[in-house]
Amino acid sequence: MLGLARLFLILFVGLTVVYVSVSLWSRQVRKGKLRAAWDDGDREYGDDRELYVKRGLEDYDDSFRRKLILLVYIVPVAVIAYIIYVVNYT
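Residues numbered from 1 in each chain as written. Predicted model: local features only at pLDDT ≥ 70, side-chain atom pairs only at ≥ 80, totals over all residues. Heavy atoms only, no water.

1. Describing the overall build of the protein chain
Link 1 in the chain: Secondary structure summary: the protein chain contains four helices and zero strands in total.
Link 2 in the chain: Summarising its shape, the C-alpha atoms of the protein chain cover approximately 60 × 20 × 15 Å along the three principal directions.
Link 3 in the chain: Sorting the 90 residues of the protein chain into buried and exposed places 16% on the buried side.
Link 4 in the chain: Of the contacts made within the protein chain by residues no fewer than 6 positions apart, 54% connect residues no fewer than 24 positions apart.
Link 5 in the chain: Of the roughly 6,800 Å² of accessible surface on the protein chain, a fraction of 65% belongs to carbon and sulfur atoms.
Link 6 in the chain: Looking at the protein chain, you have 13 positive and 11 negative side-chain charges, and the mean spots of the two groups are 9 Å apart. (Helix = DSSP H or I, 4+ residues; strand = E, 2+ residues; numbered from the N terminus. Buried < 20%, exposed > 50% of the residue type's maximum accessible area, 1.4 Å probe, protein only. Contact = heavy atoms within 4.5 Å. Areas by Shrake-Rupley, 256 points an atom, 1.4 Å probe, with all protein chains shown as cover. Lys, Arg positive; Asp, Glu negative; His and termini not counted. Charge placed at Lys NZ, Arg CZ, Asp CG, Glu CD.)

Structure below.
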């Protein structure tokens with residue numbers, strides 16, 4: 001039982017590093033796309049580029065795509081649980 005707890009602790013730390021990395025990377029990609037859209041002429045909030053990027057990132061923070069990054073935690077744990085089940089009970 002102690003081995004399983006150690007596995008999940010190490011897994012949680014590793015997945016947290018992956019989650020933070022993917023979140024930061026995704027936010028930077030979105031920021032780049034917003035800057036490119038503003039440069040291409042999408043001036044929805046006037047001539048202030050930083051305001052346009054800030055509001056776009058606020059919309060991104062509430063988006064479904066942002067919430068999908070949480071699958072970084074769910075999928076590996078589900079796969080490991082399935083493997084443990086199959087190995088021990090079938």
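2. Some details on the side chain of S23
Link 1 in the chain: Within the secondary structure layout, S23 lies in helix 1 (residues 2–39).
Link 2 in the chain: Using a relative accessible area of 8% as the deciding quantity, one classes S23 as buried.

3. Quick notes on a nonpolar patch on the surface
Link 1 in the chain: Taken together, the side chains of F64, L68, L71, I74, V75, V79, Y82, I83 and V87 present a nonpolar region at the surface, about 900 Å² in accessible area.
Link 2 in the chain: Note that L71 resides in helix 4 (residues 71–89). (Patch = residues over 30% accessible without salt bridge, like charges linked within 9 Å, V, L, I, M, F, W, Y side chains within 5 Å. Salt bridge = Lys/Arg side-chain N within 4 Å of Asp/Glu carboxyl O.)

4. Focus on the packing of aromatic side chains
Link 1 in the chain: Inspection of the entire model under this criterion finds three aromatic pairs.
Link 2 in the chain: With a centroid separation of 5.9 Å and 25 degrees between ring planes, the pair formed by F12 and Y73 is classed as stacked. Of this pair, F12 sits in helix 1 while Y73 sits in helix 4, and the two are 61 residues apart along the sequence. (Phe/Tyr/Trp six-rings, centres within 6.5 Å; stacked < 30°, edge-to-face > 60°.)

5. Describing the side chain of S26
Link 1 in the chain: Mapped onto the elements, S26 comes out in helix 1.
Link 2 in the chain: Using a relative accessible area of 13% as the deciding quantity, one classes S26 as buried.
Link 3 in the chain: In this view, S26 contacts Y60 and I69; residues no more than four positions away in its chain are not counted.

6. Digging into the pattern of salt bridges
Link 1 in the chain: Following the criterion strictly, the structure yields two salt bridges and no others.
Link 2 in the chain: One salt bridge in this structure joins R27 and D61, with 2.7 Å as the shortest N-O distance. Here R27, found in helix 1, pairs with D61, found in helix 2 (residues 49–61); they are 34 residues apart in sequence, far enough to count as distant.
Link 3 in the chain: For D61, a relative accessible area of 30% translates into the label partly exposed.
Link 4 in the chain: One salt bridge connects D39 with R49, and the closest N-O pair in it is separated by 3.7 Å.

7. Observations concerning the environment of V22
Link 1 in the chain: Mapped onto the elements of the fold, V22 is located in helix 1.
Link 2 in the chain: Taking relative accessible area as the criterion, V22 reaches 28% and is therefore assigned partly exposed.
Link 3 in the chain: A C-alpha to C-alpha distance of 31 Å links V22 and D47, two positions 25 residues apart in sequence.

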